[in-house]
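Topology and contacts: notes
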Amino acid sequence: MGMTSSQRLNLALSHQEPDRVPYTLFATMHPAKKFGVSLKEYYSRPDLVVEGQLFLREEYQNDILGCYPFAGVEMIPWGGDVVYFEEGPPNAGKPVIKDPRDILKLKAPSVASSPDLQSVLEAVTLLKSKVGEDIPIAGTVISPFSLPVMQMGFEAYLDLIHAKPDLLQALLDINIEFCVAWANAQLKAGCSAVVYADPVSSPTILPSEISLKYGLPTARKALARINGGVMFHLASGRGLPLVEELSKLGVAGMSASAEEDLSELKRACQGKMALVGNLNAVSMQSWTPEIAEAEVKRAIARAGPGGGFVLSDNHGEIPFAVDHQTLKAVAKAVRRWGRYPLDWVNGNGR
């Protein structure tokens, strides 16, 4: 009898080699097309979200499931809104913080009082009742350091970082309260672990010295209060310069960007953190099945040996334009080339 997805993932995260490389394809929007409904309707119905996750499991044999819809959902409890699109992910609407001085009057919203967040939790609980302990369910939170991009806009946030450190810290502290409550609610509902999404901490977005001064200390405060395992996700941003500091946070893994040398990143993380990535979901839109197989082989050869690797896309969201056959080709390739021992990989992992 083969391993369950949970067993496979736990071994990989423990830097051991399971039966094969675990993987997940975060095609979270795609089931809406399958069911013939708009994204707005799809995400508003926990039953459909659960059906969608089970569909993705059946189609691609995902080792990780997740009911988190899109980043903008976290702005609704703060008084924000969401803008929906036919062919792309929903975005947060206008900023809710119009003047930095408003931060002094701001309070973290209640997770329990938000119908939209409760809808996500309802989906998690329902999905958990169907898959039990065999398949892990990942929750997601936007980090307190990245959330202000939606709360006040990127330009205003940069001004806050550089010119108003007291107000910045006040906002980060408020956001920590929300982040921790939202993460723990998802864990209580049935999530096995939480993805801590912090793209602003990536040196792709901000200089590392700013992340080391504000982003990672904020993460340390938040993560200390989250009652479960955490994977640090920099979206598609680079993370190599932060490996040493991230490893001190006690996270189980970090995202791997398509912009980085996966072999180099694996060496830096060896024995410290697992890697999750790094298929390029943007270029995936033009892949043939042959290219998909080659990209899967490349990633597994560079990061698979010794465990500590979960194959996925490098951002955490696969565009609508990536077709079903491409995703099937990726899933087929990892099941073919990801079986341990990886005898086909040569000594240098290339």
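What this report covers is the structure whose coordinates are included nearby. (Residues numbered from 1 in each chain as written. Predicted model: local features only at pLDDT ≥ 70, side-chain atom pairs only at ≥ 80, totals over all residues. Heavy atoms only, no water.)

**As for the overall build of the protein**
Applicable threshold: By definition, any uninterrupted DSSP run of H or I lasting at least four residues is a helix, any uninterrupted run of E lasting at least two residues is a strand, and each is numbered from the N terminus. When we talk radius of gyration, it's over C-alpha atoms, and the globule rule is simply 2.2 Å times the number of residues to the 0.38. When a residue's accessible area, from a 1.4 Å probe over protein chains only, is under 20% of the maximum for its type it is buried; when over 50% it is exposed; and in between it is partly exposed. Whether two residues are in contact is decided by their heavy atoms: any pair within 4.5 Å suffices. Accessible areas in this description were obtained via Shrake-Rupley with a 1.4 Å probe; residue shielding takes into account the shown protein chains only.
Broken down by element type, the protein carries 13 helices and eight strands. For 350 residues, the compact-globule estimate of 2.2 N^0.38 gives 20 Å, and the protein sits close to it at 19 Å. C-alpha extents for the protein along the principal axes are approximately 60 × 45 × 35 Å. In the protein, which comprises 350 residues, the proportion classed as buried is 55%. In the protein, once contacts between residues fewer than 6 apart in sequence are set aside, the share between residues at least 24 apart is 72%. Of the roughly 14600 Å² of accessible surface on the protein, a fraction of 52% belongs to carbon and sulfur atoms.

**A short note on the pattern of salt bridges**
This is how the line gets drawn: The rule for a salt bridge is simple: a side-chain nitrogen of Lys or Arg has to be within 4 Å of a carboxyl oxygen of Asp or Glu.
Counting across every chain of the model gives 16 salt bridges. One salt bridge in this structure joins Asp173 and Lys221, with 4.0 Å as the shortest N-O distance. With Asp173 in helix α8 (residues 165-189) and Lys221 in helix α9 (residues 208-223), this pair connects stretches of sequence that are 48 residues apart. Its salt-bridge partner being Glu177, residue Arg225 comes within 2.9 Å of it at the nearest N-O pair. Separated by 48 residues along the polypeptide, Arg225 in the loop between α9 and β5 (229-233) and Glu177 in helix α8 bring together distant segments of the chain.

**Notes on the sheet that holds β5**
What counts, and what does not: By definition, two strands form a pair when at least two bridges between them are found by DSSP. Helix axes are fitted only over the stretch in contact, all axes being lines through C-alpha atoms; the angle between N-to-C directions runs from 0 to 180 degrees.
The parallel open sheet is built from six strands, whose spatial order is β3-β4-β5-β6-β7-β8. The outermost strands of the open sheet, each flanked by one partner alone, are β3 (138-142) and β8 (309-313). Taking each pair of neighbouring strands and ignoring which way they run, the sheet shows an average axis angle of 25°. As paired elements, β5 and strand β6 (residues 253-256) share two bridges and run parallel to each other. Note that in β6 the partner of Met231 across the bridge is Gly253. On the sheet, α8 packs against β3 and β4 (193-197) and is oriented at approximately 170° with respect to β3.

That is the geometry; function is a separate question.
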